[in-house]
Amino acid sequence: MKILPVVAPFFASVILSLAFPSPGMAVGDEATLQQELIALEKQSWEAWKNHDGKFFESFLSDDHVEMGFGGVSNKASVVAAVGSKICEVKSYQLDNFELRMLGDGLALLTYHEAQETSCQGTPVPSPCWVSSLYQKRGGHWLNVLYQQTQTAK
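Rules and cut-offs
Residues numbered from 1 in each chain as written. Predicted model: local features only at pLDDT ≥ 70, side-chain atom pairs only at ≥ 80, totals over all residues. Heavy atoms only, no water. Helix = DSSP H or I, 4+ residues; strand = E, 2+ residues; numbered from the N terminus. Buried < 20%, exposed > 50% of the residue type's maximum accessible area, 1.4 Å probe, protein only. Contact = heavy atoms within 4.5 Å. Pairing = 2+ DSSP bridges. Phe/Tyr/Trp six-rings, centres within 6.5 Å; stacked < 30°, edge-to-face > 60°. Salt bridge = Lys/Arg side-chain N within 4 Å of Asp/Glu carboxyl O.

Right, let's talk about the environment of Trp 141 for a bit. With respect to the helices, strands and loops of the structure, Trp 141 is situated in strand β7 (residues 140–150). For Trp 141, a relative accessible area of 10% translates into the label buried. Trp 141 sits 82 residues away from Phe 59 along the chain, and the two C-alpha atoms are 8.0 Å apart. Contacts of Trp 141, omitting those with residues within four sequence positions, involve Leu 33, Glu 36, Leu 37, Leu 40, Met 101, Gly 105, Leu 106, Ala 107, Tyr 134, Gln 135 and Lys 136.

Encoded structure:
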């Protein structure tokens, strides 16, 4: 599988970090960070709904990996797809946010989404659980990995 070299090290680091959590952040700081990342995530959904590819240019890291229903994508393809009219987002709902610190400057935000979206006339699978991995680089939190898993109906 060609995605294994990219994804396997990430998931190995996630598993290890869950077993050995980072003690570095105070509870109040973590709650503040969770609100900051939830706000960024919500902005990304609005930008997607509004075809605002420019938002994703600064939201995603240059080495961003997206694991979607169509396979693996990078920053350039996400920015192009968002900026196009290929998808129509009629509505979405985000809830059940949880933050897990995986180390200094590395945070995993998970949540549940439900959406009414179609791309080229085909409905997008919904509802889904989302994993959105952020890394602090140059003083800013950037999205380095985004992945959705459809929930059982």
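Next, the rest of the story.
When strand β3 (residues 87–103) meets strand β4 (residues 106–119), the two strands line up antiparallel, connected through 13 bridges. Directly across from Arg 100, in β4, lies its bridge partner Leu 108. The hairpin formed by β3 and β4 contains 2 residues between the paired strands, and Gly 105 there has a positive phi angle of roughly 75°.

For the rest of this paragraph, the subject is unusual backbone geometry. With omega at 0°, the peptide bond leading from Ser 126 into Pro 127 counts as cis. Within the secondary structure, Pro 127 is located in the loop between β5 (122–123) and β6 (128–137). For His 51, which is not a glycine, the phi torsion comes out positive at approximately 60°. By secondary structure assignment, the location of His 51 is in the loop between α2 (27–49) and α3 (53–59). In this structure, Gln 120 is a non-glycine residue whose phi angle is positive, near 50°. Note that Gln 120 resides in the loop between β4 and β5.

Turning our eyes to something else, we now look at the packing of aromatic side chains. Within the structure shown, the criterion is met by 7 aromatic pairs. With centroids separated by 5.7 Å and ring planes inclined at 85°, the aromatic side chains of Trp 45 and Trp 48 adopt a geometry described as edge-to-face. Residue Trp 45 and its partner Trp 48 are both found in helix α2; the two are separated by 3 residues, about one turn of the helix. Of the two residues, Trp 45 and Trp 48, neither departs from the other in class, the shared state being buried. The interplanar angle of 25° and the centroid separation of 5.1 Å between the aromatic rings of Phe 55 and Phe 59 together place this pair among those described as stacked.

The next subject is the pattern of salt bridges. Taken as a whole and assessed by the stated rule, the structure comprises 2 salt bridges. A salt bridge links Lys 75 to Asp 62, with the shortest nitrogen-to-oxygen separation between them at 3.0 Å. Taken together, the residues span a long stretch of sequence, with Lys 75 in helix α4 (residues 75–83) and Asp 62 in strand β1 (residues 60–68) at a distance of 13 residues. Look at Asp 62 and you get exposed, because its relative accessible area is 69%. A salt bridge links Asp 63 to Arg 137, with the nearest nitrogen and oxygen atoms 2.9 Å apart.

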